[in-house]
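Below are the chains, spelled out letter by letter.
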Amino acid sequence: MAAPQRVARDAARITAPLLLHVQRDDEIFPEAGQLELFDRIASRTKYLCLEAGSHTHTPPAAVAGWRTFIAERLKDGSRESWESPPQ
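Residues numbered from 1 in each chain as written. Predicted model: local features only at pLDDT ≥ 70, side-chain atom pairs only at ≥ 80, totals over all residues. Heavy atoms only, no water.

**Q** Explain the overall build of the protein chain residue by residue, including any values.
**A** Check the secondary structure of the protein chain and you find four helices and two strands. Secondary structure elements in the protein chain, listed N-terminal to C-terminal, are α-β-α-β-α-α. Of all 87 residues assigned to the protein chain, the portion counted as buried reaches 26%. Only carbon and sulfur atoms are counted for the fraction: they give 57% of the accessible area of the protein chain, which is about 6000 Å². (Helix = DSSP H or I, 4+ residues; strand = E, 2+ residues; numbered from the N terminus. Buried < 20%, exposed > 50% of the residue type's maximum accessible area, 1.4 Å probe, protein only. Areas by Shrake-Rupley, 256 points an atom, 1.4 Å probe, with all protein chains shown as cover.)

Here it is as structure tokens:
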């Protein structure tokens, strides 16, 4: 992973629900580094969204997915809801 050691170390401390969006052809953040970062994140509730395209190309369906992910976690607000995958 090309990220600084601090990022790698801190990733292991992330326990909140997480949705990581990765553009497969991202010219700024290489896919391999993003996948390694995802693997280091400690959250038991984490999802990976892989989309084709460059850094600036985000499909509308991906944006809808982000909104759904956040809305599902906000509707209950309890920590227990964080541990359940989206329906």
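From this point, things continue past the structure.
**Q** An account of the side chain of Arg-73 is needed here, citing residue identities and associated values.
**A** Counting through the fold element by element, Arg-73 comes out in helix α3 (residues 60–74). A polar contact of 3.1 Å, which involves the side chain of Arg-73, links it to the backbone oxygen of Phe-69. (Polar contact = N/O pair within 3.5 Å; in protein donor to acceptor, adjacent residues only side chain to side chain.)

**Q** Tell me about the pairing of strand β1 (residues 18–23), residues and numbers included.
**A** A regular strand places its side chains on the two faces of the sheet in alternate fashion. The buried count for β1 comes to five of six residues, which makes it a mostly enclosed element. With helix α2 (residues 31–40) bridging β1 and its parallel neighbour strand β2 (residues 46–51), the resulting β-α-β unit is right-handed. (Right-handed = clockwise from strand over helix to strand, strands pointing away.)

**Q** Before we move on, could you go through the packing of aromatic side chains and cite the residues and values that matter?
**A** The final tally for this structure, using the stated rule, is one aromatic pair. On the numbers, 5.9 Å between centres and 75° between planes, the contact of Tyr-47 with Phe-69 is edge-to-face. With Tyr-47 in strand β2 and Phe-69 in helix α3, this residue pair connects regions lying 22 residues apart in the sequence. Directly above the aromatic system of Phe-38 lies the positively charged group of Lys-46, at a separation of 4.6 Å from the ring centroid. Just above the ring of Phe-69 sits the side chain of Arg-73; from NZ or CZ to the centre is 4.0 Å. (Phe/Tyr/Trp six-rings, centres within 6.5 Å; stacked < 30°, edge-to-face > 60°. Lys NZ or Arg CZ within 6 Å of the ring centre and 35° of its normal.)

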